[in-house]
Amino acid sequence: MNKLKQLVAQLDLVNQLLLTRVSLENNAQSMHFFEQLKSVSQKVSLAEKNWQVKNACSPISSEK
């Protein structure tokens, strides 16, 4: 019976380690996704600023 308790305890530890690992991998993927989202957002913002500057300097926009 003592061996059985040890096996159950070891299985519980292995299960806990696996759950922790899955959770860490999930968090890493989420971080990667949000870093990419931030990068895309910054690129869009920069493109919008460049477009606004280009339009502000355009002779067509000044005639309106």
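None of the values given here were measured: they were computed from a predicted structure.

What counts and how
Residues numbered from 1 in each chain as written. Predicted model: local features only at pLDDT ≥ 70, side-chain atom pairs only at ≥ 80, totals over all residues. Heavy atoms only, no water. Salt bridge = Lys/Arg side-chain N within 4 Å of Asp/Glu carboxyl O. Helix = DSSP H or I, 4+ residues; strand = E, 2+ residues; numbered from the N terminus. Patch = residues over 30% accessible without salt bridge, like charges linked within 9 Å, V, L, I, M, F, W, Y side chains within 5 Å. Areas by Shrake-Rupley, 256 points an atom, 1.4 Å probe, with all protein chains shown as cover. Phe/Tyr/Trp six-rings, centres within 6.5 Å; stacked < 30°, edge-to-face > 60°. Buried < 20%, exposed > 50% of the residue type's maximum accessible area, 1.4 Å probe, protein only.

Q: I'm lost on the pattern of salt bridges in this one. Help?
A: Side-chain pairs of opposite charge can arise whenever the charged atoms involved come near each other. Inspection of the entire model under this criterion finds 1 salt bridge. Between E25 and R21 there is a salt bridge whose closest N-O contact spans 3.1 Å. In this pair, E25 and R21 are both assigned in helix α1 (residues 2–57), 4 residues apart and thus about one turn of the helix distant.

Q: In this structure, what is going on with a nonpolar patch on the surface? I would like to understand it.
A: Nonpolar side chains collect at one region of the surface, where M1, L4, L7 and V8 lie side by side and expose about 430 Å² of accessible area between them. Relative to the assigned elements, M1 resides in the segment before α1.

Q: Got a minute to help me understand the packing of aromatic side chains in this structure?
A: Centre-to-centre distance and the angle between the planes together describe a pair of aromatic rings. Counting across every chain of the model gives 1 aromatic pair. Aromatic side chains F33 and F34 sit 5.3 Å apart centroid to centroid with 70° between the ring planes, which places their arrangement in the edge-to-face category. Residue classification places F34 among the exposed residues on the basis of a relative accessible area of 54%.

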